Number of protein chains: 2
Amino acid sequence: MQISTKFTIAVHIITCIDYFKDTLPVTSSFLAGSVGVNPVIIRGVMSKLKEAGIIAISQGKSGITLARPLTEITFYDVYKVTDGVNETGLFHMHENPNPNCPVGRNIQMAMVGKLQDIQAVMEQKMQETTIADVAVDIRRKIKQAG
Amino acid sequence: MQISTKFTIAVHIITCIDYFKDTLPVTSSFLAGSVGVNPVIIRGVMSKLKEAGIIAISQGKSGITLARPLTEITFYDVYKVTDGVNETGLFHMHENPNPNCPVGRNIQMAMVGKLQDIQAVMEQKMQETTIADVAVDIRRKIKQAG
DNA sequence: CTTGCCTGTAATTTATCATATTACAGGCGG
DNA sequence: CCGCCTGTAATATGATAAATTACAGGCAAG
């Protein structure tokens, strides 16, 4: 199982807002065209990014703007918002081990800490990566070949 | 989205094989009872663990046995076998970014390496954790309270 | 060598979740 | 005030995980 496309969609959105901010009006339909998904998906992701204080949205003939610089938006910030991180965790434990079996009775307790540790190193790595890193790569690539 | 329960089921299975190896005949039905899932799921997981050289299976009135000590079976070994790791990766990128948009045209290239790095730290942490660590915790807990 | 239990696996069903799509209410700016 | 845009509910579709049934084949005990 995998982390949903909402995460990479959100990264794409944020990168676009930055890239086009001085050129075009950035709307959910425009973003939907660039990302290649339905505008409603974009709106849902935008809505969560707004709640998290990552972007600012003004209705009407508007503009979506970044609420803070790209260097201060980490992959983890976006991941936490777009996927339901805290609820269940990255791992999905089987839910009905047999309480009459000594192993079944204790397996969850024995595993949960270890799984959390694994998830923690992943999240820490995500905190070290920012959307600015992506934007830099994209601008370099565009200069090279378009 | 999450890593499937097959992973924790496999850890449970391996722990059980070790725990009961001198006491009971360990079969897929017995394991299904301890894990709390259908025996067919157990057989499927066992089959993959066999392919990977982690357990040995003998048909007939048999016994499932470990092919190597618990200290040499890492979470990563099990994860790689039970989930389809190499195929798609942990992250699921949106698949149809617009090639006519400079951002859409380059977003995948800009993200893939960063996502792989994140996955890599997670997998390395998994390589540092072995099923023996789980077995130790379980035996300690059983001694304490049953 | 035969019999019974067990594995291997295909086929079908059910449940869940992600994404797509339609529809419409509400808000802001020109 | 009018038109475009966001916010969001409701529904449909598709993919995937897990449950379940069914049965062919193998090994070991006797």
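Residues numbered from 1 in each chain as written. Chains lettered and ligands numbered in written order. Predicted model: local features only at pLDDT ≥ 70, side-chain atom pairs only at ≥ 80, totals over all residues. Heavy atoms only, no water.

The next point concerns the overall build of chain A. Helices and strands together make up the secondary structure of chain A, namely seven helices and two strands. For 146 residues, the compact-globule estimate of 2.2 N^0.38 gives 15 Å, and chain A exceeds it by more than 25% at 19 Å. By principal-axis analysis of the C-alpha atoms, chain A measures approximately 65 × 35 × 25 Å. Within chain A, the fraction of its 146 residues that count as buried is 48%. Only carbon and sulfur atoms are counted for the fraction: they give 49% of the accessible area of chain A, which is about 7000 Å². With 15 positive and 13 negative side-chain charges, chain A shows a spacing of 5 Å between the two charge centroids. (Helix = DSSP H or I, 4+ residues; strand = E, 2+ residues; numbered from the N terminus. Rg over C-alpha atoms; globule rule 2.2 N^0.38 Å. Buried < 20%, exposed > 50% of the residue type's maximum accessible area, 1.4 Å probe, protein only. Areas by Shrake-Rupley, 256 points an atom, 1.4 Å probe, with all protein chains shown as cover. Lys, Arg positive; Asp, Glu negative; His and termini not counted. Charge placed at Lys NZ, Arg CZ, Asp CG, Glu CD.)

To continue, consider the protein's contact with DNA strand C. Neighbouring DNA strand C are 22 residues; Thr5(A), Asn38(A), Gln59(A), Ser28(B) and Lys50(B) lie closest to it. Taking the atoms of DNA strand C that fall within 4 Å of the protein, sugar and phosphate contribute 64% of them. Between DNA strand C and Arg43(B) there is a distance of 3.0 Å, counted from a base oxygen to a side-chain nitrogen or oxygen. Here a phosphate oxygen of DNA strand C sits 3.0 Å away from a polar atom, N or O, in the side chain of Lys50(B). The set of elements that each furnish at least two residues to the surface near DNA strand C consists of helix 1 (5-20) and helix 3 (39-51) of chain A together with helix 3 (39-51) of chain B. Broken down by element, the residue count for the surface near DNA strand C peaks at four residues, all from helix 3 of chain B. Its residues placed into classes, the surface near DNA strand C shows six nonpolar, ten polar and six charged. (Near = heavy atom within 4 Å. Polar contact = N/O pair within 3.5 Å; in protein donor to acceptor, adjacent residues only side chain to side chain. Nonpolar A, V, L, I, M, F, W, Y, C, P; charged D, E, K, R; others polar.)

What follows concerns helix 7 (residues 131-145) of chain A. Taking 1.5 Å per residue as the helical rise, helix 7 of chain A with its 15 residues ought to reach 21 Å, and the 21 Å between its terminal C-alpha atoms agrees with that figure. Turning to helix 7 of chain A, its buried residues number three or more, namely Ile131(A), Ala132(A), Val134(A), Ala135(A), Asp137(A), Ile138(A) and Ile142(A). Summarising the contacts, the buried residues of helix 7 of chain A are in contact with helix 1 and helix 4 (75-82) of chain A together with helix 6 (102-127) of chain B. (Expected span 1.5 Å × (residues − 1). Contact = heavy atoms within 4.5 Å.)

Our next topic: the interface of chain B and chain A. Facing the 56 residues of chain B at the interface are 56 residues of chain A. Between chain B and chain A lies a buried interface of about 5100 Å² when both sides are counted; carbon and sulfur atoms form 71% of it. On the surface where chain B and chain A come into contact, there are two salt bridges. At the boundary of chain B and chain A, one finds ten residue pairs in polar contact (both at pLDDT 80 or more). Looking at the side of chain B that touches chain A element by element, the count peaks at 17 residues for helix 6 of chain B. Residues that form the side of chain B that touches chain A fall into these classes: 29 nonpolar, 19 polar and eight charged. (Buried area = accessible area lost by both parts, 1.4 Å probe. Salt bridge = Lys/Arg side-chain N within 4 Å of Asp/Glu carboxyl O.)

This part is about the protein's contact with DNA strand D. Taken together, the neighbourhood of DNA strand D is formed by 22 residues, with Ser28(A), Lys50(A), Thr5(B), Asn38(B) and Gln59(B) sitting nearest. The sugar and phosphate moieties of DNA strand D supply 68% of its atoms located within 4 Å of the protein. In this structure, Arg43(A) approaches DNA strand D through a side-chain N or O atom, which is 3.0 Å from a base oxygen. At 2.2 Å from a phosphate oxygen of DNA strand D is found a side-chain nitrogen or oxygen belonging to Thr5(B). Every element with two or more residues in the surface near DNA strand D is listed here: helix 3 of chain A together with helix 1 (5-20) and helix 3 of chain B. Ranked by residues supplied to the surface near DNA strand D, first place goes to helix 3 of chain A with four residues.

What follows is about the environment of Val37(A). Residue and element names in this part refer to chain A. In this structure, Val 37 sits in the loop between helix 2 (28-35) and helix 3. Owing to a relative accessible area of 26%, Val 37 belongs among the partly exposed residues under this scheme. Apart from residues lying up to four places away in sequence, Val 37 is in contact with Ile 9, Ala 32 and Ile 42.

Honestly, it's all geometry; don't read function into it.
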